[in-house]
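One letter stands for each residue in the lines below.
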Amino acid sequence: MSEKKRETPLLDELEKGPWPSFVRELKKSADTPVIQDLLGQLERSYEEHLGHWKHGGIVGVMGYGGGVIGRYSDLPEEFPHIAHFHTMRVNQPAGWFYTSDALRKICDIWEAHGSGITNMHGSTGDIILLGTTTDQLEPVFSKLTEIGFDLGGSGSDMRTPSACCGPARCEWACYDTLAAVYDFTQSYQDELHRPAFPYKYKLKFAGCPNDCVASVARADMSFIGTWKDDIQMDAEQVRQYAASGTVDIQKDVCERCPTRCMSWDGTNLTIDNSECVKCMHCINVMPKALRPGKERGCTVLIGAKAPIVGGALLSSVFVPFIEMEPPYSDLKELLEAIWDLWSEHGKNRERVGEFIQRVGLGNFLEQIGLEPVPEMIAHPRTNPYIFFGEELHEKQA
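In this report, the structure presented in the accompanying data block is examined.

Some details on the sheet that holds strand β15 (residues 316-322)
Part 1: Here five strands make up an open sheet; going across it, the order is β7-β8-β9-β14-β15 and the pairing mixed. The sheet is open, and its two edges are formed by β7 (162-163) and β15, each paired on a single side.
Part 2: Bridging between strand β14 (residues 296-302) and β15 involves four bridges; their strand directions are antiparallel. What sits directly across from Cys298, in β15, is Ile322.

So this is what it looks like as structure tokens:
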């Protein structure tokens, strides 16, 4: 049954302008009591500069510790239809490929048992189902499993792994991101659904250095496709780009190369591949002429996070190159060694990047059994004092 629409002058401001508006989308469903109360409480928050959601305890489904974010209104008498407004995270398919039938089934379940509001997708990648009551969590979970979906991660666990569309739609993919994210998701169900870490741990799989899942800025561990050999070049296509006038090769390609490893004499393009950092700029500008090399794999990076507890961190190179072939045994061994060390010594709500900063990269690498390499260095050495270990003195003796 519809209710009288609430006055929301502050929220109305967010509908102005050419950009998309979540307020406009909510108002499309505004004849339901749940949406009316949601808009009303949000308007109240804007007026008072105060959030009105409270943490009322842990809620979830039987056997899982993650996948549900409990949310309660601290104004239940004024907004009774959102007194409980829990969020459920649903593990998305690899590469976000759906059939229309699957999407309709998800929406039908959520309209029957929740608010009907969805977020496609959250920053981790999940399907986000916004707003239901505690007694509806188990029915939603049961019906989702019937159509082949499972809950994703939340809390201090491995969050739902996500990947770009990879070789399914992108010619630049240097490994099969879809196969990798599926394998890791299936291999680590316990870590995904039963929180046991100091804080969250995100895995993201990007098929090439364009990093369309933004893993460098958000993932605790990134798997970014790359290549070891030379960039593939079609010299005739390069000349056609130059002749057509669509690309100024000197200005748009050579001068924008971050390492200046490319030169153009008006006829031939020369690449010093030993200086190439695989940034993809030249390939993006001239896709018909340049392609990633043939010896492909991925670079593993570690330590990104948003500025929640401490400051923001970008990922640092951890493994410069590794082949990405099932069953990914070396990567899983490395991942589990990191988890063991971090779980034992990490502080509450300390991301692995912050943990590495606290204990030092050298100590971290020693404890997980990984040999240091030059690519791990984030910036030049600032300490002028050099100390050698006892083993080096022994070798000299």
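What follows picks up the thread again.
Re the pairing of strand β5 (residues 117-120)
For a regular strand, side chains alternate in direction, first toward one face of the sheet and then toward the other.
Part 1: As paired strands, β5 and strand β6 (residues 127-130) are joined by four bridges and run antiparallel to one another. Residue pairing in the sheet places Met120 in a bridge with Ile127 of β6.
Part 2: Between β5 and the antiparallel strand that follows it, β6, lie six residues; Gly125 among them carries a positive phi value of about 125°.

Looking at the packing of aromatic side chains
Part 1: Per the counting criterion, the structure on display carries 14 aromatic pairs.
Part 2: For the ring pair Phe197 and Trp339, a centre distance of 5.0 Å and an interplane angle of 40° mean the geometry is tilted. Taken together, the positions of Phe197 in the loop between α7 (189-193) and β8 (203-206) and Trp339 in helix α12 (residues 329-345) put the pair 142 residues apart, joining distant regions of the chain.
Part 3: Taken together, a centroid distance of 6.0 Å and an interplanar angle of 50° make the contact between Phe318 and Phe364 tilted. On the criterion of sequence distance, the pair formed by Phe318 in strand β15 and Phe364 in helix α14 (residues 361-368) is long-range, its members being 46 residues apart.
Part 4: By relative accessible area, Phe318 is classed as buried at 2%.
Part 5: The structure contains a cluster of three or more aromatic residues connected by ring pairs, namely Phe184, Tyr188, Phe197, Tyr201, Phe205, Phe223, Tyr328, Trp339 and Trp342.

Focus on the pairing of strand β4 (residues 87-90)
Part 1: Because side chains alternate across β4, one face comprises the buried residues Thr87 and Arg89, and the other comprises Met88 and Val90, equally buried.
Part 2: With two bridges joining them, strand β2 (residues 68-69) and β4 adopt antiparallel strand pairing. Note on β4: the bridge partner recorded for Val68 is Met88.

Observations regarding the nonpolar core
General note: in soluble globular proteins, nonpolar side chains tend to be found buried as a group.
Part 1: Ranked by internal contacts, the top residues of the largest apolar core, which has 37 residues, are Tyr201, Phe205, Phe223, Ile338 and Phe364.
Part 2: Contributions of two or more residues to this core are made by α6 (177-187), β8, β9 (221-227), β14, β15, α12, α13 (352-359) and α14.
Part 3: Broken down by element, this core gets its largest block of residues, seven residues, from α12.
Part 4: Apart from the residues lying within four places of it in its own chain, the contact partners of Phe223 are Tyr175, Phe184, Leu203, Lys204, Phe205, Ala206, Cys298, Thr299, Val300 and Leu331.
Part 5: Membership of the second largest hydrophobic core comes to 24 residues, among which are Cys208, Val253, Cys254 and Cys282.

So, the sheet that holds β4
Part 1: Pairing is antiparallel across the open sheet formed by four strands, whose spatial order is β2-β4-β6-β5. In this open sheet, the two strands that pair with only one neighbour each are β2 and β5.
Part 2: This element, helix α4 (residues 100-113), spans β4, β5 and β6 of the sheet and lies at about 20° to β6.

A closer look at a negative patch on the surface
Part 1: Residues Asp330, Glu333, Glu336, Asp340 and Glu344 make up a contiguous surface patch of negative charge.
Part 2: On the secondary structure map, Glu336 appears in helix α12.
Part 3: Taking relative accessible area as the criterion, Glu336 reaches 36% and is therefore assigned partly exposed.

Comments concerning α12
Part 1: Between its first and last C-alpha atoms α12 spans 25 Å; for 17 residues at 1.5 Å apiece the expected length is 24 Å, and the two agree.
Part 2: Burial in α12 covers these residues: Leu331, Lys332, Leu334, Leu335, Ile338, Trp339, Leu341 and Trp342.

So, a nonpolar patch on the surface
Part 1: Together, Leu10, Leu14, Phe22 and Tyr46 make up an exposed nonpolar region whose accessible area comes to about 320 Å².
Part 2: In this structure, Leu10 sits in helix α1 (residues 9-13).
Part 3: Overall, Leu10 belongs to the partly exposed group, its relative accessible area being 37%.

Conventions used here
- Residues numbered from 1 in each chain as written.
- Predicted model: local features only at pLDDT ≥ 70, side-chain atom pairs only at ≥ 80, totals over all residues.
- Heavy atoms only, no water.
- Pairing = 2+ DSSP bridges.
- Helix = DSSP H or I, 4+ residues; strand = E, 2+ residues; numbered from the N terminus.
- Phe/Tyr/Trp six-rings, centres within 6.5 Å; stacked < 30°, edge-to-face > 60°.
- Buried < 20%, exposed > 50% of the residue type's maximum accessible area, 1.4 Å probe, protein only.
- Core = buried A, V, L, I, M, F, W, Y, C linked by side-chain atoms within 4.5 Å.
- Contact = heavy atoms within 4.5 Å.
- Axes fitted to C-alpha atoms, helices over the stretch in contact; angles between N-to-C directions.
- Patch = residues over 30% accessible without salt bridge, like charges linked within 9 Å, V, L, I, M, F, W, Y side chains within 5 Å.
- Areas by Shrake-Rupley, 256 points an atom, 1.4 Å probe, with all protein chains shown as cover.
- Salt bridge = Lys/Arg side-chain N within 4 Å of Asp/Glu carboxyl O.
- Lys, Arg positive; Asp, Glu negative; His and termini not counted.
- Charge placed at Lys NZ, Arg CZ, Asp CG, Glu CD.
- Expected span 1.5 Å × (residues − 1).

No statement about biological role is implied by the geometric values presented.
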